[in-house]
Amino acid sequence: MRGNVTIGIVGAGFGQQVHAPAFKSLPGCELGAICASHLERARKAAQTLGIPKATDDWRELVADPDIHALALAVPPSLQAEIALAAAQAGKHLFCEKPLALNVNQAQSILTAARQSKIVHAMDFIFPEIAAWQKAQELLRSSALGRIRHAALTWRVETYAYRAKSEGWKTLAASGGGTLNNLASHTFYYLEWLLGRIERVSARLAPHEAEVEARVDAWIEFAAGFSGTVSIAADAFLGSGHRLEIYGDSGTLVLENATPDHARGFKLSLGTRAVPRLAAIEAAGDDSNADGRVYPVSRIAGRFIEAIRSGGTVVPNLENGLRVQVLLDAMRLADRSGSWQAVSAG
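Residues numbered from 1 in each chain as written. Predicted model: local features only at pLDDT ≥ 70, side-chain atom pairs only at ≥ 80, totals over all residues. Heavy atoms only, no water.

**Notes on the sheet that holds strand S10 (residues 226–232)**
1) Next: Strand order in the open sheet formed by 9 strands is S14-S13-S12-S11-S7-S10-S9-S8-S15, and the pairing between neighbours is mixed. Looking at which strands have only one partner, the edges of the open sheet turn out to be strand S14 (278–280) and strand S15 (340–341).
2) Next: As judged from the 7 bridges shared by strand S7 (residues 147–155) and S10, these two strands associate in the parallel manner. Residue pairing across strands places Trp154 opposite Ile231, the latter belonging to S10.
3) Next: Relative to the sheet, helix H8 (residues 178–194) contacts S7, strand S8 (197–205), strand S9 (214–221), S10 and strand S11 (240–247), its axis offset from that of S7 by approximately 155°.
4) Next: Helix-sheet contacts for helix H10 (residues 317–336) involve S8, S9 and S15, and the interaxial angle to S8 is about 55°. (Pairing = 2+ DSSP bridges. Helix = DSSP H or I, 4+ residues; strand = E, 2+ residues; numbered from the N terminus. Contact = heavy atoms within 4.5 Å. Axes fitted to C-alpha atoms, helices over the stretch in contact; angles between N-to-C directions.)

**Observations regarding helix H1 (residues 14–24)**
1) Next: All of the buried residues in H1 are Gly15, Val18, His19, Ala20, Ala22 and Phe23.
2) Next: In the core, the buried residues of H1 are packed alongside strand S1 (5–10), strand S2 (29–35), helix H2 (39–49), strand S4 (69–72), strand S5 (92–95) and helix H9 (293–309). (Buried < 20%, exposed > 50% of the residue type's maximum accessible area, 1.4 Å probe, protein only.)

**Things to note about H9**
1) Next: Counted at 1.5 Å a residue, the expected span for H9 with its 17 residues is 24 Å, and the 24 Å between its end C-alpha atoms agrees.
2) Next: Listed in full, the buried residues belonging to H9 are Val293, Pro295, Val296, Ser297, Ile299, Ala300, Phe303, Ile304, Ala306 and Ile307.
3) Next: Buried residues belonging to H9 abut S1, H1, S2, S4, S5 and strand S6 (120–122).
4) Next: The first or second residue beyond H9 is Gly310, which carries a positive phi of 90°. (Expected span 1.5 Å × (residues − 1).)

**Examining the packing of helix H4 (residues 76–88) against helix H5 (residues 103–116)**
1) Next: For the pair H4 and H5, the least separation of the axes is 8 Å and the interaxial angle reads 15°. Between H4 and H5, the angle falls in the class roughly parallel. Seen along the crossing, H4 lies across H5 with a hand that is left-handed. From H4, Ala80, Ala83, Leu84, Ala87 and Gln88 reach across to H5, where they touch Gln105, Ser108, Ile109, Ala112, Ala113 and Ser116.
2) Next: Looking at the contact of H4 with H5 residue by residue, the classes come out as 7 nonpolar, 4 polar and no charged. (Parallel < 35°, antiparallel > 145°, perpendicular 65-115°, else oblique. Left-handed = near helix turned anticlockwise from the far one by under 90°. Nonpolar A, V, L, I, M, F, W, Y, C, P; charged D, E, K, R; others polar.)

**Here's the deal with the pattern of salt bridges**
1) Next: A full pass over the atoms with the stated rule returns 16 salt bridges.
2) Next: Linking Asp57 and Arg59 is a salt bridge whose minimum nitrogen-to-oxygen distance equals 3.4 Å.
3) Next: Note on Asp57: relative accessible area 26%, which makes it partly exposed.
4) Next: The class for Arg59 is partly exposed, based on a relative accessible area of 45%.
5) Next: Salt bridges here are not isolated pairs; linked through shared partners, they connect Lys53, Asp64 and Asp66. (Salt bridge = Lys/Arg side-chain N within 4 Å of Asp/Glu carboxyl O.)

**Here we look at the environment of Val211**
1) Next: Tracing the backbone shows Val211 in the loop between S8 and S9.
2) Next: Separated by 122 residues in sequence, Val211 and Ala89 have C-alpha atoms that sit 33 Å apart.
3) Next: In this view, Val211 contacts Tyr161, Lys169, Thr170, Leu171, Ala172, Gly176 and Gly177; residues no more than four positions away in its chain are not counted.

Without other data, these values stay purely geometric and don't point to any function.
If you want it as C-alpha coordinates, here you go:
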(Lines give C-alpha, C1' and ligand atoms only; values in the text may rest on other atoms or scores of the structure.)
Protein backbone atom coordinates (compact mmCIF):
# COMPACT_ATOMS: atom_id res chain seq x y z
CA MET A 1 0.00 0.00 0.00
CA ARG A 2 1.05 3.64 -0.45
CA GLY A 3 1.27 6.12 2.40
CA ASN A 4 1.40 5.44 6.10
CA VAL A 5 -0.21 2.47 7.78
CA THR A 6 -2.75 3.73 10.34
CA ILE A 7 -3.07 1.63 13.49
CA GLY A 8 -6.02 1.42 15.84
CA ILE A 9 -5.07 0.22 19.34
CA VAL A 10 -7.63 -1.72 21.36
CA GLY A 11 -6.71 -1.74 25.05
CA ALA A 12 -5.43 1.14 27.16
CA GLY A 13 -3.28 -0.91 29.56
CA PHE A 14 -0.60 -2.88 27.75
CA GLY A 15 -1.76 -1.16 24.56
CA GLN A 16 -0.88 2.26 25.92
CA GLN A 17 2.27 1.16 27.77
CA VAL A 18 3.86 -1.02 25.07
CA HIS A 19 1.99 -1.19 21.76
CA ALA A 20 1.71 2.58 21.36
CA PRO A 21 5.42 3.45 21.87
CA ALA A 22 6.45 0.42 19.80
CA PHE A 23 4.36 1.44 16.80
CA LYS A 24 5.09 5.17 17.23
CA SER A 25 8.81 4.43 16.86
CA LEU A 26 8.33 2.98 13.37
CA PRO A 27 8.61 4.86 10.07
CA GLY A 28 5.59 4.58 7.78
CA CYS A 29 3.21 4.09 10.70
CA GLU A 30 0.82 6.36 12.58
CA LEU A 31 -1.59 5.84 15.46
CA GLY A 32 -5.11 6.73 14.36
CA ALA A 33 -7.32 5.68 17.26
CA ILE A 34 -7.37 4.03 20.67
CA CYS A 35 -10.17 2.10 22.32
CA ALA A 36 -10.61 1.41 26.04
CA SER A 37 -13.36 -0.15 28.12
CA HIS A 38 -14.30 3.32 29.42
CA LEU A 39 -14.51 6.38 27.18
CA GLU A 40 -12.82 8.72 29.64
CA ARG A 41 -9.85 6.37 29.90
CA ALA A 42 -9.61 6.22 26.12
CA ARG A 43 -9.68 10.01 25.90
CA LYS A 44 -6.93 10.38 28.49
CA ALA A 45 -4.76 7.84 26.67
CA ALA A 46 -5.39 9.56 23.34
CA GLN A 47 -4.42 12.93 24.80
CA THR A 48 -1.26 11.51 26.38
CA LEU A 49 -0.18 9.73 23.19
CA GLY A 50 -1.31 12.36 20.68
CA ILE A 51 -3.85 10.03 19.05
CA PRO A 52 -6.70 11.80 17.21
CA LYS A 53 -9.59 9.42 17.96
CA ALA A 54 -10.80 7.79 21.19
CA THR A 55 -13.69 5.40 21.73
CA ASP A 56 -15.06 2.78 24.09
CA ASP A 57 -16.45 0.62 21.26
CA TRP A 58 -13.97 -1.50 19.29
CA ARG A 59 -16.59 -1.98 16.57
CA GLU A 60 -16.00 1.64 15.55
CA LEU A 61 -12.38 0.82 14.74
CA VAL A 62 -13.37 -2.31 12.79
CA ALA A 63 -15.78 -0.22 10.72
CA ASP A 64 -13.48 2.81 10.28
CA PRO A 65 -12.10 2.92 6.69
CA ASP A 66 -9.21 5.12 7.85
CA ILE A 67 -7.90 2.40 10.16
CA HIS A 68 -5.81 -0.15 8.25
CA ALA A 69 -4.80 -2.44 11.11
CA LEU A 70 -5.70 -3.23 14.70
CA ALA A 71 -3.25 -3.89 17.52
CA LEU A 72 -5.09 -5.84 20.21
CA ALA A 73 -4.05 -5.71 23.87
CA VAL A 74 -7.10 -7.20 25.56
CA PRO A 75 -7.99 -10.38 27.48
CA PRO A 76 -8.07 -13.61 25.40
CA SER A 77 -11.87 -13.84 25.67
CA LEU A 78 -12.33 -10.40 24.13
CA GLN A 79 -9.45 -10.76 21.67
CA ALA A 80 -11.10 -13.81 20.09
CA GLU A 81 -14.27 -11.83 19.34
CA ILE A 82 -12.50 -8.70 18.09
CA ALA A 83 -9.91 -10.54 16.01
CA LEU A 84 -12.56 -12.58 14.22
CA ALA A 85 -14.64 -9.49 13.41
CA ALA A 86 -11.57 -7.53 12.30
CA ALA A 87 -10.28 -10.35 10.09
CA GLN A 88 -13.68 -10.72 8.45
CA ALA A 89 -13.67 -6.96 7.81
CA GLY A 90 -10.24 -7.14 6.17
CA LYS A 91 -8.28 -5.34 8.91
CA HIS A 92 -4.68 -6.43 9.39
CA LEU A 93 -4.13 -7.91 12.86
CA PHE A 94 -1.43 -7.63 15.53
CA CYS A 95 -2.48 -9.93 18.40
CA GLU A 96 -1.33 -10.73 21.91
CA LYS A 97 -0.81 -14.20 23.31
CA PRO A 98 -2.69 -16.41 23.73
CA LEU A 99 -4.75 -15.89 20.60
CA ALA A 100 -8.04 -17.12 22.09
CA LEU A 101 -9.61 -19.29 24.78
CA ASN A 102 -9.34 -22.55 22.86
CA VAL A 103 -8.28 -24.17 19.59
CA ASN A 104 -11.68 -23.80 17.91
CA GLN A 105 -11.70 -20.03 18.42
CA ALA A 106 -8.09 -19.71 17.26
CA GLN A 107 -8.77 -21.78 14.14
CA SER A 108 -11.78 -19.60 13.26
CA ILE A 109 -9.66 -16.45 13.45
CA LEU A 110 -6.90 -17.93 11.31
CA THR A 111 -9.40 -19.17 8.74
CA ALA A 112 -10.96 -15.70 8.48
CA ALA A 113 -7.52 -14.10 8.16
CA ARG A 114 -6.58 -16.44 5.33
CA GLN A 115 -9.86 -15.82 3.52
CA SER A 116 -9.43 -12.04 3.80
CA LYS A 117 -5.72 -12.28 2.90
CA ILE A 118 -4.75 -9.89 5.67
CA VAL A 119 -1.32 -9.54 7.26
CA HIS A 120 -1.26 -10.95 10.78
CA ALA A 121 1.26 -11.12 13.62
CA MET A 122 1.51 -12.53 17.14
CA ASP A 123 3.43 -10.83 19.93
CA PHE A 124 5.76 -13.60 21.15
CA ILE A 125 8.61 -11.39 22.33
CA PHE A 126 11.39 -13.63 23.66
CA PRO A 127 12.91 -14.62 20.27
CA GLU A 128 13.32 -10.88 19.57
CA ILE A 129 15.75 -10.47 22.49
CA ALA A 130 19.46 -10.54 21.63
CA ALA A 131 20.44 -13.13 24.25
CA TRP A 132 17.75 -15.50 22.98
CA GLN A 133 18.85 -15.03 19.37
CA LYS A 134 22.43 -15.81 20.37
CA ALA A 135 21.22 -18.92 22.19
CA GLN A 136 19.48 -20.16 19.05
CA GLU A 137 22.64 -19.47 17.04
CA LEU A 138 24.70 -21.57 19.46
CA LEU A 139 22.18 -24.41 19.35
CA ARG A 140 22.25 -24.43 15.55
CA SER A 141 26.04 -24.47 15.58
CA SER A 142 26.00 -27.77 17.53
CA ALA A 143 28.00 -26.17 20.34
CA LEU A 144 26.11 -28.39 22.78
CA GLY A 145 26.34 -31.55 20.70
CA ARG A 146 23.34 -33.86 20.92
CA ILE A 147 20.68 -32.40 23.21
CA ARG A 148 19.94 -34.58 26.22
CA HIS A 149 17.25 -32.60 28.05
CA ALA A 150 16.03 -29.11 28.92
CA ALA A 151 14.72 -27.57 32.15
CA LEU A 152 12.72 -24.36 32.41
CA THR A 153 11.80 -22.56 35.62
CA TRP A 154 9.97 -19.22 35.76
CA ARG A 155 9.13 -18.16 39.30
CA VAL A 156 7.84 -14.66 39.94
CA GLU A 157 5.10 -12.93 41.86
CA THR A 158 3.02 -11.09 39.31
CA TYR A 159 1.18 -7.87 40.09
CA ALA A 160 -2.14 -9.72 40.19
CA TYR A 161 -0.92 -11.91 43.05
CA ARG A 162 1.13 -9.26 44.79
CA ALA A 163 -1.76 -6.78 44.86
CA LYS A 164 -4.43 -9.48 45.22
CA SER A 165 -6.28 -7.79 42.39
CA GLU A 166 -9.44 -9.11 40.73
CA GLY A 167 -8.62 -8.24 37.12
CA TRP A 168 -9.02 -10.51 34.09
CA LYS A 169 -5.75 -12.36 34.80
CA THR A 170 -7.38 -14.10 37.76
CA LEU A 171 -10.68 -14.91 36.00
CA ALA A 172 -11.09 -18.15 34.05
CA ALA A 173 -13.86 -16.87 31.79
CA SER A 174 -11.63 -14.01 30.63
CA GLY A 175 -8.69 -16.26 29.87
CA GLY A 176 -6.64 -15.64 32.98
CA GLY A 177 -4.26 -18.02 34.69
CA THR A 178 -0.56 -18.81 34.51
CA LEU A 179 -0.92 -21.23 31.61
CA ASN A 180 -2.26 -18.47 29.35
CA ASN A 181 -0.29 -15.55 30.74
CA LEU A 182 3.21 -17.05 31.05
CA ALA A 183 3.32 -20.60 29.71
CA SER A 184 1.99 -19.46 26.32
CA HIS A 185 5.30 -17.62 25.85
CA THR A 186 7.36 -20.62 26.89
CA PHE A 187 5.75 -23.15 24.57
CA TYR A 188 6.36 -20.87 21.60
CA TYR A 189 10.02 -20.27 22.37
CA LEU A 190 10.74 -23.88 23.36
CA GLU A 191 9.66 -25.03 19.89
CA TRP A 192 11.51 -22.10 18.32
CA LEU A 193 14.72 -23.21 20.04
CA LEU A 194 14.37 -27.00 20.26
CA GLY A 195 11.83 -28.15 17.70
CA ARG A 196 8.40 -29.66 17.82
CA ILE A 197 6.81 -30.95 21.03
CA GLU A 198 5.09 -34.32 20.55
CA ARG A 199 3.73 -35.30 23.99
CA VAL A 200 2.88 -33.46 27.20
CA SER A 201 1.89 -34.17 30.77
CA ALA A 202 0.87 -31.43 33.17
CA ARG A 203 -0.28 -30.49 36.64
CA LEU A 204 -2.05 -27.16 37.22
CA ALA A 205 -2.42 -25.91 40.78
CA PRO A 206 -4.16 -25.08 42.95
CA HIS A 207 -7.15 -26.97 41.60
CA GLU A 208 -9.61 -25.28 43.91
CA ALA A 209 -8.71 -21.78 42.69
CA GLU A 210 -10.50 -19.78 40.01
CA VAL A 211 -7.38 -20.04 37.82
CA GLU A 212 -4.08 -21.84 38.24
CA ALA A 213 -1.15 -19.99 39.78
CA ARG A 214 1.33 -22.75 39.01
CA VAL A 215 2.08 -24.93 35.99
CA ASP A 216 4.27 -28.01 36.14
CA ALA A 217 4.70 -29.85 32.87
CA TRP A 218 6.73 -32.64 31.33
CA ILE A 219 7.31 -32.59 27.59
CA GLU A 220 8.79 -34.83 24.92
CA PHE A 221 10.33 -33.32 21.79
CA ALA A 222 10.19 -34.87 18.34
CA ALA A 223 13.99 -34.92 18.32
CA GLY A 224 13.94 -37.57 21.03
CA PHE A 225 14.76 -35.72 24.27
CA SER A 226 12.62 -34.54 27.15
CA GLY A 227 12.06 -31.33 29.06
CA THR A 228 10.53 -30.05 32.27
CA VAL A 229 8.63 -26.81 32.78
CA SER A 230 7.84 -25.27 36.18
CA ILE A 231 6.16 -21.86 36.24
CA ALA A 232 4.72 -19.95 39.21
CA ALA A 233 3.03 -16.56 39.22
CA ASP A 234 2.59 -16.51 43.00
CA ALA A 235 6.24 -16.93 44.05
CA PHE A 236 7.13 -14.16 46.50
CA LEU A 237 10.83 -13.32 45.97
CA GLY A 238 10.89 -15.85 43.16
CA SER A 239 14.16 -16.73 41.44
CA GLY A 240 13.05 -15.37 38.05
CA HIS A 241 13.20 -16.89 34.58
CA ARG A 242 15.79 -19.59 33.78
CA LEU A 243 16.18 -21.99 30.87
CA GLU A 244 18.85 -24.72 31.01
CA ILE A 245 19.66 -26.82 27.93
CA TYR A 246 21.98 -29.81 28.38
CA GLY A 247 23.83 -31.55 25.55
CA ASP A 248 26.45 -34.27 25.48
CA SER A 249 29.11 -31.67 24.62
CA GLY A 250 27.93 -28.58 26.46
CA THR A 251 25.39 -26.71 28.59
CA LEU A 252 23.56 -23.48 27.80
CA VAL A 253 21.82 -21.29 30.39
CA LEU A 254 19.56 -18.27 29.86
CA GLU A 255 18.49 -16.50 33.03
CA ASN A 256 16.88 -13.29 34.19
CA ALA A 257 16.46 -12.54 37.89
CA THR A 258 15.31 -8.95 37.35
CA PRO A 259 11.69 -7.70 37.60
CA ASP A 260 11.77 -6.67 33.92
CA HIS A 261 10.50 -9.78 32.12
CA ALA A 262 12.07 -8.76 28.79
CA ARG A 263 15.32 -7.01 29.70
CA GLY A 264 18.08 -8.47 31.85
CA PHE A 265 18.71 -11.91 30.36
CA LYS A 266 22.20 -13.32 30.76
CA LEU A 267 23.51 -16.10 28.55
CA SER A 268 26.14 -18.61 29.66
CA LEU A 269 27.82 -21.51 27.88
CA GLY A 270 30.00 -24.32 29.11
CA THR A 271 31.63 -27.02 26.95
CA ARG A 272 33.80 -30.11 27.38
CA ALA A 273 36.74 -28.02 26.21
CA VAL A 274 35.98 -25.23 28.73
CA PRO A 275 34.13 -27.04 31.55
CA ARG A 276 32.58 -24.05 33.29
CA LEU A 277 29.73 -21.70 32.54
CA ALA A 278 31.12 -18.54 30.95
CA ALA A 279 29.12 -15.43 30.02
CA ILE A 280 28.35 -14.92 26.33
CA GLU A 281 27.88 -11.33 25.21
CA ALA A 282 24.78 -10.58 23.15
CA ALA A 283 24.49 -6.88 22.28
CA GLY A 284 21.14 -5.40 21.40
CA ASP A 285 18.22 -3.63 23.10
CA ASP A 286 17.45 0.00 23.77
CA SER A 287 17.10 2.36 26.70
CA ASN A 288 13.30 2.48 26.83
CA ALA A 289 12.06 2.47 30.40
CA ASP A 290 9.88 -0.57 29.68
CA GLY A 291 11.97 -3.46 28.36
CA ARG A 292 9.00 -4.92 26.49
CA VAL A 293 8.83 -2.05 24.01
CA TYR A 294 11.96 -2.96 22.07
CA PRO A 295 11.10 -6.62 21.26
CA VAL A 296 7.51 -5.66 20.46
CA SER A 297 8.75 -2.96 18.09
CA ARG A 298 10.79 -5.56 16.17
CA ILE A 299 7.71 -7.66 15.44
CA ALA A 300 5.64 -4.54 14.79
CA GLY A 301 8.24 -3.33 12.29
CA ARG A 302 7.97 -6.55 10.27
CA PHE A 303 4.19 -6.26 10.49
CA ILE A 304 4.16 -2.73 9.06
CA GLU A 305 6.64 -3.67 6.32
CA ALA A 306 4.50 -6.66 5.30
CA ILE A 307 1.42 -4.44 5.04
CA ARG A 308 3.29 -1.89 2.93
CA SER A 309 5.08 -4.27 0.60
CA GLY A 310 3.35 -7.64 0.89
CA GLY A 311 4.57 -10.85 2.44
CA THR A 312 4.08 -12.48 5.79
CA VAL A 313 5.26 -12.03 9.37
CA VAL A 314 6.68 -14.51 11.86
CA PRO A 315 5.35 -15.01 14.50
CA ASN A 316 1.80 -14.94 13.18
CA LEU A 317 -1.67 -16.41 13.76
CA GLU A 318 -0.47 -19.83 12.62
CA ASN A 319 2.01 -19.75 15.50
CA GLY A 320 -0.78 -18.52 17.75
CA LEU A 321 -2.90 -21.52 16.78
CA ARG A 322 0.03 -23.87 17.40
CA VAL A 323 0.48 -22.51 20.93
CA GLN A 324 -3.27 -22.86 21.48
CA VAL A 325 -2.99 -26.55 20.55
CA LEU A 326 -0.26 -26.96 23.18
CA LEU A 327 -2.25 -25.08 25.84
CA ASP A 328 -5.34 -27.21 25.22
CA ALA A 329 -3.23 -30.38 25.39
CA MET A 330 -1.83 -29.24 28.75
CA ARG A 331 -5.31 -28.68 30.14
CA LEU A 332 -6.45 -32.09 28.94
CA ALA A 333 -3.35 -33.71 30.45
CA ASP A 334 -4.11 -32.07 33.78
CA ARG A 335 -7.77 -33.15 33.77
CA SER A 336 -7.04 -36.70 32.66
CA GLY A 337 -3.88 -37.26 34.68
CA SER A 338 -2.25 -38.85 31.64
CA TRP A 339 0.19 -38.02 28.85
CA GLN A 340 -1.35 -36.39 25.77
CA ALA A 341 -0.13 -36.53 22.20
CA VAL A 342 0.04 -33.08 20.60
CA SER A 343 -1.74 -32.79 17.28
CA ALA A 344 -0.06 -31.18 14.29
CA GLY A 345 -2.09 -27.95 14.43
